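Overview (structure and organization)
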Amino acid sequence: MKGKKILIGISGSIAAYKIPQLVRLFVKQGAEVKVVMTPMATEFVSPLVLSTLTNHDVQIEMFSQNSWANHVMLGRWADVFIIAPASFNTLGKMANGLCDNLLLAAYFSATCPVIVCPAMDDDMWNHYTLQINLDKIKQSQHQIIDAQHGELASGLIGMGRMAEPQEIFDYTNQFLNIKKKLLHKKAIVTAGPTYENIDPVRFIEIIVVVKWE
């Protein structure tokens, strides 16, 4: 994890209170972390705390004090973009191409892998709209760490609880290590042989080889 660049996007969910712990796990292992938040997310976790832990300013607004937040460079800077928690509202916008805040602008312009960690109440998790949106996001080849069964902020017990910070950290670490193992590797894939008869005795052997570097 040392030297990896981690971008964390926080949307408006009570599960946002877990993110400082996730940030600490990455920082302690030598990763550089930046945070982008929706305005609603600031009601659940302090940008000051996150800024202190990451040693970077937390990005919230597209425009602030006559400056422009370069959302394009956020997604290009990161080795991985973790959206946690991903609320019902944010997942819906991600799935349907709606871009009305800095987090979503960074998401839609990101060139790095994206890991999505949903969090919401049980009834919202089981709503057919949410499941349709999750399927759309999976089709984008993003990684999804499914919500878990457990105690929810509403007091109910059910599905929708965001994965714990340690689980998100371990998943990300494993994901990045798998990508690293394939770096600079070379492979040859063969789809043959195929035999074309010339006559009852002779034949031509055809082998198709694809070289990947």
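Placed above this text is the structure.
Here we summarise the structure given alongside this text. For clarity, every value in this text was computed on a predicted model and none was experimentally measured. (Residues numbered from 1 in each chain as written. Predicted model: local features only at pLDDT ≥ 70, side-chain atom pairs only at ≥ 80, totals over all residues. Heavy atoms only, no water.)

Here we come to the packing of aromatic side chains. For the coordinates displayed, the defined rule picks out 2 aromatic pairs. Taking the centre distance of 5.2 Å and the plane angle of 55 degrees together, the rings of Phe26 and Phe169 count as tilted. Pair noted here: Phe26 is in helix H1 (residues 19-28) and Phe169 is in helix H8 (residues 165-181), with a separation of 143 residues, a long-range link. Both residues of the pair, Phe26 and Phe169, belong to the buried class. A cation over an aromatic ring shows up here: Lys34 above the ring of Trp77, its NZ or CZ 4.5 Å from the ring centre. (Phe/Tyr/Trp six-rings, centres within 6.5 Å; stacked < 30°, edge-to-face > 60°. Helix = DSSP H or I, 4+ residues; strand = E, 2+ residues; numbered from the N terminus. Buried < 20%, exposed > 50% of the residue type's maximum accessible area, 1.4 Å probe, protein only. Lys NZ or Arg CZ within 6 Å of the ring centre and 35° of its normal.)

Cis rather than trans, the peptide bond between Ala84 and Pro85 has omega equal to -5 degrees. Along the polypeptide, Pro85 turns up in strand E5 (residues 80-86). Located in the positive-phi region is Asn55, a residue other than glycine, with phi close to 65 degrees. By secondary structure assignment, the location of Asn55 is in the loop between helix H2 (47-54) and strand E3 (63-64). The phi dihedral of Gln141 is positive, around 70 degrees, even though this residue is not glycine. Mapped onto the elements of the fold, Gln141 is located in the loop between helix H7 (128-139) and strand E7 (143-144).

Right, let's get into H1. Think of an α-helix as 3.6 residues a turn; residues three or four steps apart then line up on the same face. Within the sequence span of H1, burial applies to Ile19, Pro20, Leu22, Val23, Leu25 and Phe26. Immediately downstream of H1, the backbone of Gly30 shows phi near 90 degrees, a positive value.

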